[in-house]
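Listed here are the chains, written in short residue letters.
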Amino acid sequence: MSEAAEGARGRRAAALWNDILRFGLREAGVAVALVLIVIFFSLTAPYFATPENFLKIFVQIGINTVLASGMTFVILTGGIDLSVGSVLALCTVVGALIMTNASLPFAVSIPLALLGCMGVGGLCGFVNGFVVEQWKVPSFIVTLGMLNVASGAARVVSNNATITGLPQPFIDFGNLIVFGVFPSIFLIAVGVILIGWFVLGFTVFGRFIYAIGTNEEAVRLSGHNPRTYKIAAFVISGLTAGVAAMVYLLRLNVGSPIAGVGYELNAIAAVIIGGTSLAGGKGSIIGTLVGACIIQVLSTGLQLFGVGDNVKPIVIGTVIVLAVVLDAYRDRYLRVVDSR
Amino acid sequence: MSPPILTLTGVGKRFPGVVALRGVTLEVARGEGHVLLGENGAGKSTLINLLGGVYAADEGEITFDGKPYRPRTPTDAFRAGIRVVHQELSMLMQMTVAENLMFERLPQRRGIVDYRETNRRAAELLDEVGLDVRPTTQVARLGVAQMQLIEIAKTLVFESKLLILDEPTATLTAKEVDRLFDILRRLKARGVTIVYISHRLQEIGEVGDRVTVLRDGQLVATRSLTGLTIPEIVQMMVGRSVTDERAFRADVAVSGEALRVVGLRRDAKSPEVSFSVGKGEIVGVAGLVGSGRTETARAIFGADRKIAGEILVEGKRVTIESPRDAVRSGLCLMTEDRKGQGLLLGMSCAENITITDLAKISRHGLIERDEERDAATRLVADLRIKTPSIDQTVRNFSGGNQQKVVIAKWLFRGSKVLLCDEPTRGIDVGARAEIYELLWTLAAEGRGVLFISSDLPELIAICHRILVFAKGRIVGEVGRGEFDQHRILSMAYEEYGT
């Protein structure tokens, strides 16, 4: 073989290697981490690698995944939504009240509850977004306010009581396991993720979400109004909080004004572990799903190890920070790969 | 003469794609007032940033106070006895005058700040420089001029030997300027050496003993100010001769009007601006930074506020309240700050191009990847953007290629009037020529181009006409054939007191 041909082949091989590296780093980094964690626990933790355990994990990631998918939109634009946990609480109360209304047949009350949850959630999101944009208040502050407002509203609406007695078909649906493998809750979560993935990856709206997070001023000077899109991101986060409230009701069968305490932080953790940058513009919703899985797998795995509830947060907290540190290294390395 | 306090020997600094400073050899005598002059981009800022420890020099030697001087951080500079007062003031707004003055050396007793002593010493310092403010006043309550004087007064706290001032009078009123010079003279009397950057030629004699002129990153000359006239100084600043006349395309006919601006006012204090740009015409805009060039372009485009004025695009009156309106009316703005305001740095070349008009490549809100790919590929080829793929992130592009992406995105939108603010800043010579050619092609297709630049030879090379801005208004208009660097520069400086 001539030297030139050999050189060309070497170059092609190097280019291919670069492509693999780039894909691995950019898209698959977190997924690889998840697979490694699953393998680790499967080999070491008793009962981890059993169908029952995986089913349990699938059910448990449901609420957080749905919340985190909406959170991904907000974080991609460079904002944050701290209100989703208590908006969820408010929505569980609203949804439960609608479904326990004796005058409505369940065929009406269940869809109506879903609409009610999404309506209340969407409205809270709209208020968040509108205040942030209209008066240029940091979203951290506005949604911190909403966290309290929604929590108070949940108490007022529910009269500070938990609401039980949901229709039996609804409860049955929550316990349904499709094909004996996929719990209904998991399918809902995956459905929400798929919608989010489609919107972010294939629509003009999704393009704007990324562009605004990358450089809002450039988007404005390109002749667009970023305001609408930023408000819409908060509305989406509110809508997913409403859907997550329905998932909560499916799983726990009770509407409660004290539901969802701290959920916003779990959702943010899933988004961040999934590789989305808090500065905005960078990340993916598939990463968010993987992030939610990592948190749950760690939690379950540690449980099976016999690590108590007191120690678990220490590990998970460390993982969150570690993920961001690794992300910074990944970025630096990606730039090296990109520039060669 | 005593030995120089500061010596630069063959100092150079380059940034990716540009040489900011080249082979500068300069001596500053102990206790003198040394004025640095030069047009925008001549290298003055780079020079003071090297001295202030913001950047490190790539080549050459600097000696300060008899010792080799290689600052790595601003702290090094300040420890060595050099104090730089930048245009952007860095005050601790919520703290008092005394705290600001003494911050780096707060008097303390066992780790607890001794406020009585702090205020006493601050009062002394303020008295010494003749500044009439109370030490306990919160800095945020002061005017910009007073803040600046406090920054300067800090020189005494650290017993700095060299004080560097970057256009200290740019925002001051005549009275405040007098006060500033008064303080500077006091400092000089105490033996402080002063390096002073200013655009106002008439005031440089106030504290200056000698003047150094920079041009294109190189030192032109250092002269004693005694007996030096202002026309002589302007002569030194007038740049290289225009090298490439071929950039101008005489064959392109100007027909009809692309843009007309009538009586544009940005705020109650700013003067009216009126001008027009023909189809097929490139109109240059000269003037100093802050003369209203960028501000006017941004106001036309709706990026900043305006209170009055009529804008006509191709003869039709348009209402522009926001960049969105402007883009819909056929205008585009290529901002001076390419990376900060023009590009989506973390996104791909294709995504940057299509952001101006996503409707064109989408159906029912869904992006048609193939159409986007085709459109971007075509523009990348037309503009000869050098990239292995349209999926590359523009962060890794050279300055020239990034600028081409900006042009491409507006071509994709089909803009009829191009407002270009410093489109060749930070771009190397080869890529510049390509940008000129490109702008000419666009003009030849019937577009109007407004070309703002601080590089006068460049304007002379490629423009039909040049508008000269000073103090927010157009002070002169020069047609091709009457182009004369000396004359244009004089106009730009005139308002500032030549």
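Residues numbered from 1 in each chain as written. Chains lettered and ligands numbered in written order. Predicted model: local features only at pLDDT ≥ 70, side-chain atom pairs only at ≥ 80, totals over all residues.

Visitor: Honestly, the overall build of chain B in this entry has me stumped. Any pointers?
Guide: When its secondary structure is counted, chain B shows 17 helices and 24 strands. Since a compact globule built from 498 residues should have a radius of gyration of about 23 Å, the 25 Å found for chain B is in line with a globular shape. Overall, the C-alpha framework of chain B stretches about 70 × 55 × 45 Å when taken along its three principal axes. Residues counted as buried form 47% of the 498 residues belonging to chain B. For chain B, the proportion of contacts with a sequence separation of at least 24, taken over those separated by at least 6, is 68%. (Helix = DSSP H or I, 4+ residues; strand = E, 2+ residues; numbered from the N terminus. Rg over C-alpha atoms; globule rule 2.2 N^0.38 Å. Buried ≥ 20, exposed ≤ 12 C-beta atoms within 10 Å, placed from the backbone. Contact = placed C-beta atoms within 7 Å.)

Visitor: Teacher, can you tell me more about the domain arrangement of chain B here?
Guide: Interface size, as often reported, equals the accessible area lost upon joining of the parts. All names here are of chain B. Taken domain by domain, chain B comprises domain 1 (4-237) and domain 2 (245-494). Computed from C-alpha coordinates alone, the two centres of domain 1 and domain 2 are separated by 35 Å. Residue-level contacts link 11 residues of domain 1 with 14 residues of domain 2. Among the elements that take part in the side of domain 1 that touches domain 2, helix H8 (residues 230-237) stands out by supplying three residues, more than any other. For the side of domain 1 that touches domain 2, the class distribution of residues is five nonpolar, five polar and one charged. (Domains from an automatic or database assignment. Nonpolar A, V, L, I, M, F, W, Y, C, P; charged D, E, K, R; others polar.)

Visitor: Would you mind going over the interface of chain A and chain B with me for this structure?
Guide: Each partner contributes residues to the interface: chain A has 22 residues there, and chain B has 24 residues. Contributions of two or more residues to the side of chain A that touches chain B are made by helix H8 (204-214) and helix H9 (216-221) of chain A. The leading source of residues in the side of chain A that touches chain B is H8(A), at six residues. Its residues assigned to classes, the side of chain A that touches chain B shows eight nonpolar, nine polar and five charged.

Visitor: What should I look at first to understand the environment of Gln403(B) in this one?
Guide: Residue and element names in this part refer to chain B. Its location among the elements puts glutamine 403 in helix H14 (residues 399-413). Residue classification places glutamine 403 among the buried residues on the basis of 29 C-beta atoms within 10 Å. Separated by 68 residues in the primary sequence, glutamine 403 and lysine 471 place their C-alpha atoms 29 Å from one another. What glutamine 403 contacts, discounting residues up to four positions off in sequence, is Arg338, Pro423, Ile427 and Ile435.

Visitor: I would appreciate a short explanation of the nonpolar core in the present structure.
Guide: A general tendency of soluble globular proteins is for nonpolar side chains to be buried together. Core analysis: the largest hydrophobic core is formed by 237 residues, its most contacted members being Leu67(A), Leu88(A), Leu419(B) and Leu450(B). Two domains each donate at least three residues to this core, and these are domain 1 (4-237) and domain 2 (245-494) of chain B. Apart from residues no more than four positions distant in its own chain, Leu450(B) is found in contact with Val277(B), Val283(B), Val285(B), Ala297(B), Leu418(B), Leu419(B) and Cys420(B). (Core = buried A, V, L, I, M, F, W, Y, C linked by C-beta atoms within 7 Å.)

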